[in-house]
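Each chain, letter by letter, is given below.
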Amino acid sequence: MKRTLFVLLMTMATLLGVGIGFGVSTATAAEPRSKHGTRSASEPGTAVAMPLLDLHDGMVARFGSTYYAYGTEYSCGFSWLSRPTPFCGFGVSTAPSLAGPWSSPTLLFDPRGTDPFTRLSWQQECGGTAQGCFNPRLIQRSGWGADDDAFLLWFNAPYDVSSGKSSNAYNVMGCNGPAGPCGPSAGAPHGSFHKPALNYCKANGDFGLIAAPAGPPAIVCSMGGAASLSVERLDRWGSNGSNSGSLHVAGLTSVEGAGGFWDEVSGTFVVTYGTPNCGYCSGTGTGFAIASSITGPYTAPSNYAAAAPPKLARALISGNSCGGQPRTVSVVDGEAYQGIDLWTGSRNETKAGWLLEPLDYTAQPNTPGPPWQPFAPWNCTP
């Protein structure tokens, strides 16, 4: 049974304090499907190998009849944790389909500009500290009291947590279209910047955004030294947290690369993550946890054994993530995809590949004994 993509939509408060709303847009649906969610495992999707674009730890989306790929760029020479290093910015490519052909990336905003929150240049903050800025997430708002369909760029700047300003790492820019430009320098009608106030996502980890069948989305983020996960529902404006969420999701530790989606058939919210957490690793696992509410509580499948079982063994969708590292979830044309970065092992990952694996979920009881796997198997080959 086919189901429709529910595109996550939202906008942001301007520097003058104008509120932001979210809503549902049906304009981005590729074909008629029933509402929300993804296909079931009985109708599995197909893996998509993205071309060798200089776009990493990113996402894909469809707006109108055009497909967009977003990611962090490296080709200007960025080398993580190596000083000095430049910040190359966030890029976007377009295509008539997920199969391409994809355009050369263009920048969403000028990486030589200034962060309005820290008053440092993005080159100082993301490059000079060598901590980088990562995880561009581009979404659109419509409805929920909003009077426009503005686009928003979310990303994280790890330096913000250590800046002495008692802040989280996350940033939101208003954009004048799905290909930018974004931020204050973009000008009218939507170019702006907002530092979100978050109650659960207060650290500097990777993050993803989870669309809901109704109401605002949620942010899922990796947190703290134990690298646990937290989920926080955003407020009706989409620029701040709503003080509704879950800390230490499913008791998980040593995880990162968070994402999530809502499965309409089972009414289940699914969060995915990479484990263990490590920089530019290859062959790490992709795990999952589920909940009946977007804010949780989330649970990961239990292991059964007379002695201590392998940790998270039944919570893994894939033990090696097709030889790469999971990053976040994108929902396109009714299909949820796990994005996987195929890292090269270098601190400059210009040449790293990118794979999208379908997340076709079928709810099953958490009971002992094989066979048990709620997701259609990954074949890692488009």
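Everything below is about the structure printed above this text.
The present account deals with the structure reproduced in this document. (Residues numbered from 1 in each chain as written. Predicted model: local features only at pLDDT ≥ 70, side-chain atom pairs only at ≥ 80, totals over all residues. Heavy atoms only, no water.)

1. Re the sheet that holds strand β12 (residues 228–234)
Thinking step 1. Pairing in this open sheet of 4 strands is antiparallel, and the strands run β10-β11-β12-β13 from one edge to the other. Whereas interior strands pair on both sides, the edge strands pair on one side only; in this sheet they are β10 (207–210) and β13 (241–246). Taking the axes of each pair of neighbouring strands and ignoring which way they run, one obtains an average angle of 30° across the sheet.
Thinking step 2. Across 4 bridges, the pairing between β10 and strand β11 (residues 218–223) is antiparallel. Pairing of Leu209 across the sheet is with Ile219, part of β11. (Pairing = 2+ DSSP bridges. Helix = DSSP H or I, 4+ residues; strand = E, 2+ residues; numbered from the N terminus. Axes fitted to C-alpha atoms, helices over the stretch in contact; angles between N-to-C directions.)

2. Here's the deal with the pairing of strand β6 (residues 134–140)
Thinking step 1. The element β6 is extensively covered by neighbouring structure, given that 7 of its 7 residues are classed as buried.
Thinking step 2. Pairing between β6 and strand β7 (residues 151–156): 5 bridges, direction antiparallel. Note on β7: the bridge partner recorded for Arg137 is Trp154. (Buried < 20%, exposed > 50% of the residue type's maximum accessible area, 1.4 Å probe, protein only.)

3. A word on the nonpolar core
Thinking step 1. Counting 22 residues, the largest nonpolar core has Tyr70, Leu108, Phe109, Trp122, Leu153 and Met173 as its most contacted members.
Thinking step 2. Only β2 (56–63), β3 (66–72), β4 (90–95), α1 (122–128), β7 and β8 (170–175) provide two or more residues apiece to this core.
Thinking step 3. Here Leu108 is in contact with Tyr70, Phe90, Gly91, Val92, Leu153, Pro178, Ala179, Gly180, Pro181 and Cys182, once residues within four sequence places are set aside.
Thinking step 4. Counting 20 residues, the second largest nonpolar core, distinct from the first, contains Ile210, Ala212, Phe269 and Tyr273. (Core = buried A, V, L, I, M, F, W, Y, C linked by side-chain atoms within 4.5 Å. Contact = heavy atoms within 4.5 Å.)

4. Quick notes on the state of the cysteines
Thinking step 1. For the coordinates displayed, the defined rule picks out 6 disulfides.
Thinking step 2. With its sulfur 2.0 Å from that of its partner, Cys76 forms a disulfide with Cys88. Because the sign of the S-S torsion sets the handedness, a value of about -90° for the bond joining Cys76 and Cys88 places this disulfide among the left-handed ones. Of this pair, Cys76 sits in the loop between β3 and β4 while Cys88 is found in the loop between β3 and β4, placing the two residues 12 residues apart along the sequence.
Thinking step 3. Since its relative accessible area comes to 42%, Cys76 is described here as partly exposed.
Thinking step 4. Judged by relative accessible area, Cys88 falls into the buried class, the value being 6%.
Thinking step 5. What pairs with Cys322 in a disulfide is Cys380, and their sulfur atoms sit 2.0 Å apart. Looking along the S-S bond of the Cys322-Cys380 disulfide, the torsion reads about -75°, which is the left-handed sense. Here Cys322 is found in the loop between β17 (316–318) and β18 (325–332), whereas its partner Cys380 is found in the segment after β20 (353–358), with 58 residues between them in sequence. (Disulfide = S-S within 2.5 Å.)

5. Things to note about the environment of Ser97
Thinking step 1. Structurally, Ser97 can be placed in the loop between β4 and β5 (106–107).
Thinking step 2. Considered as a pair, Ser97 and Tyr67 are 30 residues apart in the sequence and their alpha carbons are 5.9 Å apart.
Thinking step 3. When near neighbours in sequence (up to four residues on either side) are disregarded, Ser97 contacts Tyr67 and Trp102.

6. Some words on the side chain of Ser228
Thinking step 1. You can see Ser228 is positioned in strand β12.
Thinking step 2. A polar side-chain atom of Ser228 sits 3.2 Å from a polar atom in the side chain of His248. (Polar contact = N/O pair within 3.5 Å; in protein donor to acceptor, adjacent residues only side chain to side chain.)

7. Points about the packing of aromatic side chains
Thinking step 1. Per the counting criterion, the structure on display carries 19 aromatic pairs.
Thinking step 2. Their ring planes at 50° and their centres at 6.4 Å tell us that Trp154 and Phe207 sit as a pair that is tilted. Of this pair, Trp154 sits in strand β7 while Phe207 sits in strand β10, placing them 53 residues apart in sequence.
Thinking step 3. Here the aromatic cluster, defined as three or more aromatic residues joined through ring pairs, consists of Tyr74, Phe78, Trp80, Phe134, Tyr280 and Trp343.
Thinking step 4. It is Lys165 that lies over the ring of Phe117; its NZ or CZ is 5.7 Å from the centre. (Phe/Tyr/Trp six-rings, centres within 6.5 Å; stacked < 30°, edge-to-face > 60°. Lys NZ or Arg CZ within 6 Å of the ring centre and 35° of its normal.)

8. Description of the pattern of salt bridges
Between side chains of opposite charge, a pair can form when the charged atoms approach closely.
Thinking step 1. Going through the model one piece at a time under the given rule, you end up with 5 salt bridges.
Thinking step 2. Of the charged contacts in the structure, one is a salt bridge between Lys195 and Asp160, with a shortest N-O distance of 2.5 Å. Note that Lys195 is positioned in the loop between β9 (192–194) and β10 and Asp160 in the loop between β7 and β8, a separation of 35 residues in sequence. For the pair formed by Lys195 and Asp160, the shared burial category is buried. (Salt bridge = Lys/Arg side-chain N within 4 Å of Asp/Glu carboxyl O.)

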